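The chain contents come next:
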Amino acid sequence: EEAPPHRPRPTKMAAAEPARFFCTAGRGLEPFLEREVRARLGATEVDCVSGKVFFRAAAGPGELRNLRSGERVFLLLKKHGPLSVSGNRGKMLHEIKSLVTEEPKYWLDIISIWRKLHGHEGKTDDVSQGNLLALKRNSEETNTANKRQKTEHAGGIVSEECQVEAGVTCVALERMSGQECSTESKTSSEVPSKGSGENPTANEQLSFSFRVSCRCSGAIAKILTSQEIGRAIGIALMRQCGWRADLRDPDLEVFVHLNDIHSVVGIPLFRLPLANREYIKTAGLRSTVAWAMASLAGISAGARVLDPMCGLGTILLEAAKEWPEACYWGADISDLQLEGADGNIRTAGLMDKIELLRASVKALPLPSESFDSVISDIPFGNKFKTTSDAQLLPDILQEMERVLCVGGTLVLLLSQELHRCMDGLTKCAGGASAEASADGDSGAAPAPATCVDGNSSSLAQGGEKSVLSRHFGSLVPEGVHAVSLGKTDAFIHKYRKVSAAGS
């Protein structure tokens, strides 16, 4: 795969030390995000795990906001292994609170970085050693108070992104729909926001409103709920730091994710997900998936790029924003879809970059071998009431192959059914296995290009073999990536045209 192009990086924050961050990603997009933070931010200490990419970078908010394949970006406060699970709920809550509230100096450093990233100067940057000692003392007092908290009845100080009960997991930040699953507990806390032993100067300097967002899954979710964990952490932070709870409009949010792999604490830098593009008026395909598809197409200056089933134009918008020196065309048979695409293009200010035409993908009014890249989200049958996706696929591919230049790249987003059909098609055509990712050093496990249900594709059987081989022998598979679209899975297929069609 082609990595995102290296661009001259904008000026970093003045005298900024590299900070530790992590960014969440939809399932299957982690390798794209890993490559992107390296190329766009010059990130180091990059660690890619399921749903997250951890990294260190000297990056400002503008650069971080420009990450195209991520969902939300956080300042990393803590990253530890999974917490030990026992039947002692009080002990487990104590360990969780210690994970979040220990090392007060590190809290001060993180808040200082957070303020700089948001353009706040002054108070937190000048915290004195005396205030630090006060926070340490408060931390010791909090540890003692934690032992009594099991019998306290405090209201919720938690905005739950997911209520997890008895092992049922809702991975809110990885949902491709972009709508977070959250339940807020709006009962006010009975715990005072300032302890009797706190230093008022420290309180003033660290006076923030906050809320705790907690997600837990795996073994720990069978013992404690997200609400219980969030409440305990919120009370501990109020007592130690003098912060006040605000569920509706807090200054900052403390994000806690506990599972069987790791324990992560962070502070989100932006309130809206990165995937919520301000230049997209009407949302279609998830923008992160659209960007990932475009990043595989090898778009260069002067390249001609076509989406023959453009819908609302999300793929073209993402590509044109990232690689503006190319030329883009979109086609669709639906006037309603073209109207929506035109509105998006105008909102994005890309009228001079993207041309639209009404045409069927089975009969494009375009010259043969006229495009360097063809990128398309093949409509899924359930959504578009297509009764025979498998029968339409050969006609669609034949026309895409025709307009693609020799050496050009074809990138398709396919449903599970069409993925099986395409797998059978390429095997019949004598192509190489599509199992391996084109980026051999990404470190991520490739998505197998085999039949999802273990059965061979119907298109790969019987008398279809010679027909498919004759029509599509010029397309060589270069990688398959399984990605999540929320309630369903999909597959990004990449092909390169190695010879003229039919030769």
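Shown above is the structure to which this text applies.
As the structure is a computational prediction, the values presented were derived from the model and not from experiment. (Residues numbered from 1 in each chain as written. Predicted model: local features only at pLDDT ≥ 70, side-chain atom pairs only at ≥ 80, totals over all residues. Heavy atoms only, no water.)

A. Inspection of the packing of helix 3 (residues 89-101) against helix 7 (residues 226-241) at higher detail. Remark: helix 3 packs on helix 7, axes separated minimally by 9 Å, with the N-to-C direction vectors making an angle of 50°. The angle between helix 3 and helix 7 falls in the class oblique. As helix 3 packs across helix 7, the resulting crossing turns out to be right-handed. Across the interface between the two elements, Arg 89, Leu 93, Ile 96, Lys 97, Val 100 and Thr 101 of helix 3 pack against Glu 228, Ile 229, Ala 232, Ile 233, Ala 236, Leu 237 and Gln 240 of helix 7. Classifying every residue of the contact of helix 3 with helix 7 by side-chain character gives eight nonpolar, two polar and three charged. (Axes fitted to C-alpha atoms, helices over the stretch in contact; angles between N-to-C directions. Helix = DSSP H or I, 4+ residues; strand = E, 2+ residues; numbered from the N terminus. Parallel < 35°, antiparallel > 145°, perpendicular 65-115°, else oblique. Left-handed = near helix turned anticlockwise from the far one by under 90°. Contact = heavy atoms within 4.5 Å. Nonpolar A, V, L, I, M, F, W, Y, C, P; charged D, E, K, R; others polar.)

B. A look at the pattern of salt bridges. Scanning all chains against the criterion turns up 17 salt bridges. The residue Asp 249 makes a salt bridge to Arg 271 at a minimum N-O spacing of 2.5 Å. In this pair, Asp 249 is assigned in the loop between strand 8 (244-245) and strand 9 (252-258) and Arg 271 in the loop between strand 10 (263-268) and helix 8 (287-295), connecting sequence segments 22 residues apart. Overall, the relative accessible area of 48% leaves Asp 249 in the partly exposed class. Among the charged side chains, a salt-bridge network with shared partners connects Glu 36, Arg 40 and Glu 322. (Salt bridge = Lys/Arg side-chain N within 4 Å of Asp/Glu carboxyl O. Buried < 20%, exposed > 50% of the residue type's maximum accessible area, 1.4 Å probe, protein only.)

C. Seen up close, the pairing of strand 17 (residues 489-497). Taking burial as the measure, the nine residues of strand 17 include seven buried ones, the bulk of the element. Note that strand 15 (residues 404-414) and strand 17 share six bridges and pair antiparallel. The residue of strand 17 that forms the bridge with Leu 413 is Ile 492. (Pairing = 2+ DSSP bridges.)

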